[in-house]
Amino acid sequence: MMSRRIMSPARFATDEDGATMVEFAVVLAIFLLLVFGLIDFGRLGFSYVMAEKATERAARIAVVNAPVCTGLADVTTRGVGGMSSLIPNGTSCGAGSAICSTIATVTCRGTSGNATAARIWSQVQPLLPVNATPENLEFAYSFDPALNRLGAPYAPIVSVDIVDLQFQFISPLGAFAAMAGATQASDLGATVTFPSMSASLPSEDLR
């Protein structure tokens, strides 16, 4: 018959067999958390810089192309302060109070079916995260009195924003943190909303 060795309580309390393995597992988890955290947060920082460049490029392209949004005014019309015949067409809308009618801001999202949006998207897509779509670009056309003249074609300020873009981590940072002993680490490394950014330029008419 095989005999079994029964460890006394005192000896069990001082036994360190396997302690090295436990320490190695904790240290390994911390090491992996640091390495993959540096990789993923480095990706986030790089993607942020590239997205800023993409936003600026999108704005530069948008100001020299047909509007992405529909419903924009064709010309700046007279406001209550410009009704006098002494104020001729061509007068700056910023030369006085309400010389031109205020034009409401028009906003819309980019779509692949819009020619201008598609042209912009082809230029900025390589700079954005792989899960980005044209719908993550929001365009706004807003009125600026200093940029417009009475009776002249409407020249809005064009703004491009990145909206609702989700950044996806590739590393299970939450699992590594949990292995290292952290609590409530399940959200670490989860998909996060990309920081918002915007670029604006005055429109131009290449005609």
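How each quantity is defined
Residues numbered from 1 in each chain as written. Predicted model: local features only at pLDDT ≥ 70, side-chain atom pairs only at ≥ 80, totals over all residues. Heavy atoms only, no water. Buried < 20%, exposed > 50% of the residue type's maximum accessible area, 1.4 Å probe, protein only. Helix = DSSP H or I, 4+ residues; strand = E, 2+ residues; numbered from the N terminus. Pairing = 2+ DSSP bridges. Disulfide = S-S within 2.5 Å. Polar contact = N/O pair within 3.5 Å; in protein donor to acceptor, adjacent residues only side chain to side chain. Phe/Tyr/Trp six-rings, centres within 6.5 Å; stacked < 30°, edge-to-face > 60°.

K.L.:
Explanation requested: the pairing of strand β1 (residues 106–109) in the structure shown.
P.N.:
Each regular strand carries side chains that alternate between the two faces of the sheet. Burial along β1 is one-sided: the face carrying Val 106 and Cys 108 is buried and the face carrying Thr 107 and Arg 109 is not. In the sheet, β1 pairs with strand β2 (residues 137–142) via four bridges, with the strands oriented antiparallel. By the bridge assignment, Arg 109 is partnered in β2 with Glu 138.

K.L.:
Honestly, the state of the cysteines in this entry has me stumped. Any pointers?
P.N.:
By definition, a disulfide links two cysteine residues through a covalent bond between their sulfur atoms. Counted under the stated rule, the structure contains two disulfides. The residue that forms a disulfide with Cys 69 is Cys 108, at a sulfur-sulfur distance of 2.0 Å. Here the S-S torsion is close to -95°, and the disulfide linking Cys 69 with Cys 108 is therefore left-handed. Of this pair, Cys 69 sits in the loop between α2 (19–62) and β1 while Cys 108 sits in strand β1, placing them 39 residues apart in sequence. A single burial state applies to Cys 69 and to Cys 108, both of which are buried. One disulfide in the model links Cys 93 with Cys 100; its S-S distance is 1.9 Å. Linking Cys 93 and Cys 100, the disulfide has an S-S dihedral of approximately -80° and is accordingly described as left-handed.

K.L.:
Hey, could you run me through the side chain of Asn 114 in this one?
P.N.:
The topology assignment puts Asn 114 in the loop between β1 and α3 (115–124). Among the polar contacts made by the side chain of Asn 114, one reaches the main-chain carbonyl oxygen of Val 68 at a distance of 3.1 Å. A polar contact is formed between the side chain of Asn 114 and the backbone nitrogen of Thr 116, at a distance of 3.0 Å.

K.L.:
Would you mind showing me how to read the packing of aromatic side chains here?
P.N.:
When we look at a pair of aromatic rings, we describe it by the centre distance and by the angle of the planes. Scanning the entire structure with this criterion turns up three aromatic pairs. Note on Tyr 48 and Phe 194: the rings are 6.4 Å apart at their centroids and 35° apart in plane angle, and the pair reads as tilted. Pair noted here: Tyr 48 is in helix α2 and Phe 194 is in the loop between β5 (192–193) and β6 (197–202), with a separation of 146 residues, a long-range link. Phe 194 sits in the buried class, given a relative accessible area of 5%.

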